[in-house]
Amino acid sequence: MQLSYYCSTKSCQKLNYIKVQSNNRFELKEELGLEINERCKHCGNYTKRHINRLHCSPNYAIIIGGLVLAVVITIFIWHLGFVSTLTGSIPIGIWMNQEKKASTFNKVLIDD
Ligand SMILES: [Zn+2]
C-alpha cells in the first residue's frame with residue numbers, strides 16, 4: 001500500500017508518501033505503531049501523524065502495469081487475427097480493484 005500525508009510544517013505542507021506492507025490500519029498499527037514520525041522529503045522536518053490520518057491512494061504503478069499488459073496482449077491477439085474487447089477489461093479490472101482496496105483502507109479506522 002502507498003500511503004500519503006501532508007507535511008505539518010506551515011511553510012511546506014507538501015504531500016509525502018510512505019510505502020507499507022499492511023493492507024489495513026490494524027496491520028498498520030502492528031507495522032508502524034499508532035503514530036508515524038516521518039521526515040518530509042521536501043523540507044526535511046519531521047511530521048507526527050496518527051495512523052488514522054494517513055490516506056491511502058490507489059497504486060498507479062500497478063494500474064499502469066495492467067495497461068501495458070493489456071497492450072501487449074492486444075498486439076499478440078491482433079497477430080493471431082482476433083480483436084478482443086476482453087483485453088480492455090483487464091486494466092479496468094485492475095484499476096477498480098486498486099480503487100476498492102484504497103477506499104476500504106480509508107474507511108476502516110482503528111479506535112484508540
Ligand atoms: Zn515539508
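Each chain carries its own residue numbering, running from 1 in the direction its sequence is written. Given that the model is predicted, a residue must reach a pLDDT of at least 70 before its local features are reported, and side-chain atom pairs must reach 80 or more before they are shown or counted; all residues, however, enter totals for whole chains, interfaces and linings.

Trainee: An account of the UniProt feature "transmembrane region" (unreviewed entry) in the chain is requested, with residue identities and associated values reported.
Mentor: UniProt positions are given in the numbering used here, feature names are shortened, and annotations may be inferred rather than shown by experiment. Mapped onto this numbering, the UniProt entry annotates "transmembrane region" (unreviewed entry) at residues 59–81. Secondary structure counts use DSSP, requiring at least four H or I residues in a row for a helix and at least two E residues in a row for a strand, with both numbered from the N terminus. In this annotation, residues 59–81 is assigned 91% helix and 0% strand; the end-to-end C-alpha distance for the span is 33 Å.

Trainee: Quick rundown of the sheet that holds strand S1 (residues 2–6)? Include the residues and the values.
Mentor: With antiparallel pairing, the 3 strands of this open sheet are ordered in space as S2-S1-S5. Each edge of the sheet is formed by a strand with only one pairing partner; in this case those strands are strand S2 (15–19) and strand S5 (55–57). Here the average twist between neighbouring strands, direction ignored, is 40°. Here, any two strands with at least 2 DSSP bridges between them count as paired. Direction of pairing for S1 relative to S2: antiparallel, over a ladder of 5 bridges. Residue Leu3 lies in a different strand from S2, and its bridge partner there is Ile18. Geometry is summarised by axes, namely lines fitted to C-alpha atoms with helices restricted to the contacting stretch, and by angles between N-to-C directions that run from 0 to 180 degrees.

Trainee: Give a description of unusual backbone geometry that names residues and reports values.
Mentor: Here the phi dihedral of Gln13 falls at roughly 55°; this positive angle occurs in a residue that is not glycine. In this fold, Gln13 is placed in the loop between S1 and S2.

Trainee: Give a detailed account of the nonpolar core, specifying residues and quantitative values.
Mentor: For the purposes of this analysis, a nonpolar core is taken to be any set of buried Ala, Val, Leu, Ile, Met, Phe, Trp, Tyr and Cys residues that are connected through C-beta atoms within 7 Å. Buried means a residue has 20 or more other C-beta atoms within 10 Å of its own C-beta, exposed means 12 or fewer, and partly exposed covers the counts in between; C-beta atoms are placed from the backbone. Within the largest apolar cluster, 9 residues are counted, these being Leu3, Tyr5, Leu28, Leu32, Ile36, Ile51, Leu54, Cys56 and Phe105. When contributions to this core are tallied by element, the ones reaching two or more residues are S1 and helix H1 (25–32). For every residue pair, C-beta atoms are placed from the backbone, and the pair is scored as a contact if these atoms sit within 7 Å. Each residue touching Leu3, except ones within four places of it in the same chain, is listed here: Tyr17, Ile18, Val20, Leu54, His55 and Cys56.

Trainee: Any chance you could break down the environment of Glu27 for me, citing the residues and the numbers?
Mentor: The topology assignment puts Glu27 in helix H1. Sequence separation between Glu27 and Ile73 is 46 residues, and the spatial gap between their C-alpha atoms is 36 Å.

Trainee: I'd like a rundown of the environment of Leu67, residues and numbers included.
Mentor: Tracing the backbone shows Leu67 in helix H2 (residues 60–80). The spatial distance from the C-alpha of Leu67 to the C-alpha of Pro91 is 5.1 Å, given a sequence separation of 24 residues.

Trainee: Requested: an account of H2, with residues and values cited.
Mentor: Relative to the 30 Å expected for 21 residues at 1.5 Å per residue, H2 spans 30 Å between its end C-alpha atoms, a close match to the ideal helical length. One or two residues past the end of H2 sits Gly81, with phi positive at roughly 95°. Given the number of residues in a helix, its expected span is that number minus one, multiplied by 1.5 Å.

Trainee: Break down H1 for me, with residues and values.
Mentor: Among all positions in H1, only Arg25, Leu28 and Leu32 are buried. Angular distribution of buried residues about the axis of H1 spans 45°; they occupy a single face of the element. Facing away from the buried surface of H1 by more than 90 degrees, the exposed residues are Phe26 and Glu30. In this structure, the buried side of H1 is in contact with strand S3 (35–39). Just beyond H1, the residue with positive phi is Gly33, at close to 90°. Here the arc refers to the directions that run from the helix axis out to each C-beta atom.

Trainee: Mind laying out the pairing of S3, listing which residues take part and the relevant values?
Mentor: Where S3 lies against strand S4 (residues 46–50), 5 bridges are found, and the strand directions are antiparallel. Residue Glu38 lies in a different strand from S4, and its bridge partner there is Thr47.

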